[in-house]
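Chain by chain, the residues:
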Amino acid sequence: MSDKKTLDDIRREYLQGGLSESNLNVDPIKQFDIWLQQAIQAKLFADPTAMNLATVDEQNRPSQRTVLLKKVNDDGFVFFTNLGSHKAKDIETNPNVNLHFAWLPLERQISIQGTAHKLSLTDNAKYFLSRPRDSQLAAWTSRQSKGIGSRKMLDMAFEQIKNKFKNNEIPVPDFWGGYLVKPERIEFWQGGAKRLHDRFEYQLKDGVWQLNRLQP
Ligand SMILES: Cc1cc2nc3c(=O)[nH]c(=O)nc-3n(C[C@H](O)[C@H](O)[C@H](O)COP(=O)(O)O)c2cc1C
């Protein structure tokens, strides 16, 4: 006899709380900030700022990966990456992206649809220079998303870069930088009992955020 569970056995009720229009901020960025702070303070997440970034390539094939949110303000959501990576190439041909936060122990998700825009060199430098030295060296070492023969080659490349910049400030690689995702639609989801979840979408129409409740 196996005690292996079937996938049908994996289910739970979502009971932590509901969402109503009256307890949502009229500004979705402010609402996002409230949920982000609650996710950080809950201490349930090793990476509360981790978000999935979905892009599509020139043949409309989607892909996703996790990146870290580094800044959020009225302009939008900022992450940093290698500008020659798979995701950066996708954004070059199609700037439409989706960001997704899954704070599942809080029974919450947020989905953000928008367009990605490269940050200025000044903004890139400001963040790059604030990073730990090893992270700066790693950015120089990795031609992200390209193949490499072995782990040893990667470690050797890191050592070479480390020697190259020995005792010097490490400049910002020209193949590394940030993107600002300007949101057009932001959806907040809170799990509800009996699978009757609460969903609210904010849509930007003529510069004004409009709020609608969606069916679960
Ligand atoms: C928790 C976590 C955080 C990550 N943060 C970043 C990040 O901020 N920037 C980044 O380029 N990659 C980050 N990665 C790695 C990406 O998920 C991905 O592997 C990498 O960016 C290459 O993606 P691509 O080949 O689709 O462009 C992170 C991965 C994890 C699991």
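All values reported here derive from a predicted model rather than from experimental measurement.

(A) Representation of the packing of helix α4 (residues 133-141) against helix α5 (residues 151-164). It is the contact of α4 with α5, at a shortest axis distance of 9 Å, that shows an interaxial angle of 115 degrees. α5 is crossed by α4, and the crossing has right-handed handedness. For the pair formed by α4 and α5, the contact residues are Leu137, Ala138, Trp140 and Thr141 on the first element and Leu154, Ala157, Phe158, Ile161 and Lys162 on the second.

(B) Just the pairing of strand β6 (residues 108-118), in detail. Relative to β6, strand β5 (residues 96-103) is paired through eight bridges, and the arrangement is antiparallel. Within β6, the position partnered with Ala102 by the bridge is Gln109. Between β5 and β6, which pair antiparallel one after the other, the connecting turn spans four residues, and Glu107 there sits at a positive phi close to 60 degrees. Strand direction decides the pairing type here: β6 and strand β7 (residues 176-190), joined by 11 bridges, are antiparallel. The partner of Gln109 across the bridge, within β7, is Trp189.

(C) Spatial organisation of helix α2 (residues 86-93). Regarding α2, the residues found buried are Lys87, Ala88, Asp90 and Ile91. An end-on view of α2 places all buried positions within 160 degrees of arc, on one side of the element. Lining the buried residues of α2 we find β1 (50-56), β2 (62-68), β4 (76-82), β5, β6 and β7.

What counts, and at which threshold
Residues numbered from 1 in each chain as written. Predicted model: local features only at pLDDT ≥ 70, side-chain atom pairs only at ≥ 80, totals over all residues. Axes fitted to C-alpha atoms, helices over the stretch in contact; angles between N-to-C directions. Helix = DSSP H or I, 4+ residues; strand = E, 2+ residues; numbered from the N terminus. Left-handed = near helix turned anticlockwise from the far one by under 90°. Contact = placed C-beta atoms within 7 Å. Pairing = 2+ DSSP bridges. Buried ≥ 20, exposed ≤ 12 C-beta atoms within 10 Å, placed from the backbone. Arc of directions from axis to C-beta.

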